[in-house]
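Observations on the model geometry
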Amino acid sequence: MKQYLKTYTAQLLALVALGVASLLGVLPAEAALLSVAILGVNSAGIPLFAGVEPLDDMFMATMEEMDKEVMDELSVSHPVWEYIQQKNLIEYVEEIGTHVIGHLRRFKNGTVKWVSGYDDADNTPAQLLGETKTAYGHLAGTQMYNREELVKNQGKQQLIDLVESKSEQLLEDLDTEFAETIVGTQDADGRKPLGIGRIMDPALACCGIDPATAGFEFWKPYKVEKSAGVNFALATEFRDGIRKMYREVHLAGGGRVLGASKKDKSTPLTGGSGYVLIAGTDLYNEHQKYAENALRLTIADLKGQQGWGNFEMFDYNGTTIIYDPTLGAKVGWFINFKSGIRVRIHRGTNFKYDDWQMMANKVQTKKRNNLTYMAVYAKSRRANAVVTFS
């Protein structure tokens, strides 16, 4: 708040200095008059509200200070976002199209074989690829002000309170919408991005591919079961179920992304490996109890060491365990955020505001938009797993 008042004071001092310089002959009078005119326009060089230029200038100065606090990126209050942000697992791109295109290796190259010195080379064309296609999502929020609001809030503190309250309202709503959508179950439709929940449902199509289609049976997350149709019991077989989840995901090779190395699916779990287990209430509690017994530490101690703040999440054995109350109580999503699921954001938007615009059909009203273009897409669904305990 003090910063805003400093801004106004600095502007008035600059104006006084220009006037004194003009009187002493150091600065031409025309230049001093020009400076007065400049104070009546916004940063785009266009008067924001005609007839209240001093308020306009105060308003723009306040907005510029608020924008410095927003920076380039919103701090989304969700543990999954916190994880991928801290681990640098977000893809930032300069250019985007309408979709993220991926390539899957569906078939083996039949020309790979052992030969003797006189054998002919096999020149049979190889069938190589299946193509995934995931639409970008576009999140927008609008700040809008009219002349009446400025006139009724002419005091410096009144104006600061008005701007702060509207800005905080917009950012909180962007935060909530983004957090709920990124882990949702919706398909990408050109408005909302693909939700992680849809990728993790073995029965659903995503990225333009249906696992029920012949040849694409691999395009689904691994389903961890004790035996066909039988789940592990959470109370007595927790360790067995988790152990099988790790083992099967590392061995699953179907649908490996084109050009990916074996490291993507078989490397031992290490810190920053990209693995998370998003767990429902009962599964999270059981994992917490097991970790505390094994490490002789409380989860509060672990969270304090690992910098997760107030989020219900902790690191154990190279995997970050995240609590999600919206999941089934005994359900877990085991996700690889390096080779399984990726989040991509257009660097040119990334929660940035565009320029102020006049609204043609409104009287003395201006607005600006906060925009983010982003996509959630699957590189390999088979690199992830769903575990359900009984």
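Structure report, in brief. (Residues numbered from 1 in each chain as written. Predicted model: local features only at pLDDT ≥ 70, side-chain atom pairs only at ≥ 80, totals over all residues. Heavy atoms only, no water.)

**Points about the packing of aromatic side chains**
Tallied over the full model, the rule gives 11 aromatic pairs. Taking 6.2 Å as the distance between ring centres and 40 degrees as the angle between the ring planes, the aromatic pair formed by Phe216 and Phe218 counts as tilted. Residue classification places Phe216 among the buried positions, given a relative accessible area of 13%. Classification of Phe218 as buried rests on a relative accessible area of 15%. Measuring from ring centre to ring centre gives 5.3 Å for Tyr284 and Tyr323, while their planes differ by 45 degrees; the resulting arrangement is tilted. Of this pair, Tyr284 sits in helix α10 (residues 281-295) while Tyr323 sits in strand β8 (residues 319-323); the two residues are 39 residues apart in sequence, bridging distant segments of the chain. A relative accessible area of 1% places Tyr284 in the buried class. Classification of Tyr323 as partly exposed rests on a relative accessible area of 25%. Ring pairs connect the aromatic residues Phe238, Tyr290, Tyr316 and Phe389, which therefore count as one cluster. Above the plane of the ring of Tyr145 lies Lys166, whose end atom (NZ or CZ) is 4.7 Å from the centre. (Phe/Tyr/Trp six-rings, centres within 6.5 Å; stacked < 30°, edge-to-face > 60°. Buried < 20%, exposed > 50% of the residue type's maximum accessible area, 1.4 Å probe, protein only. Helix = DSSP H or I, 4+ residues; strand = E, 2+ residues; numbered from the N terminus. Lys NZ or Arg CZ within 6 Å of the ring centre and 35° of its normal.)

**Regarding the pairing of strand β6 (residues 275-279)**
Counting buried residues along β6, 5 of its 5 residues qualify, which places the element largely inside the surrounding structure. Burial of β6 is two-sided: the residues Tyr275, Leu277 and Ala279 facing one way and the residues Val276 and Ile278 facing the other way are all buried. For β6 and strand β9 (residues 331-336), the ladder comprises 5 bridges, and the chain directions are antiparallel. Bridge assignment links Ile278 to a residue of β9, and that residue is Trp333. (Pairing = 2+ DSSP bridges.)

**Description of the sheet that holds β8**
One open sheet accounts for 6 strands, arranged β5-β14-β9-β6-β8-β7; its pairing is mixed. For this open sheet the edge positions go to β5 (222-224) and β7 (313-316), each flanked by a neighbour on one side alone. Recorded for the sheet is a direction-independent mean angle of 20 degrees between the axes of neighbouring strands. Of the strands in this sheet, β6, β7 and β8 touch helix α4 (residues 79-86), which is tilted by about 155 degrees from β8. Across the sheet, α10 lies against β6, β7, β8, β9 and β14 (385-388), angled at about 50 degrees from β7, the strand it touches most. (Axes fitted to C-alpha atoms, helices over the stretch in contact; angles between N-to-C directions. Contact = heavy atoms within 4.5 Å.)

**Brief notes about the side chain of Glu237**
Among the structural elements, Glu237 can be located in helix α8 (residues 234-251). Polar contacts involving the side chain of Glu237 include one to the side chain of Lys226, which spans 2.6 Å. Once you skip the residues sitting within four places of it in the chain, Glu237 turns out to touch Lys226, Asn231, Phe232 and Phe389. (Polar contact = N/O pair within 3.5 Å; in protein donor to acceptor, adjacent residues only side chain to side chain.)

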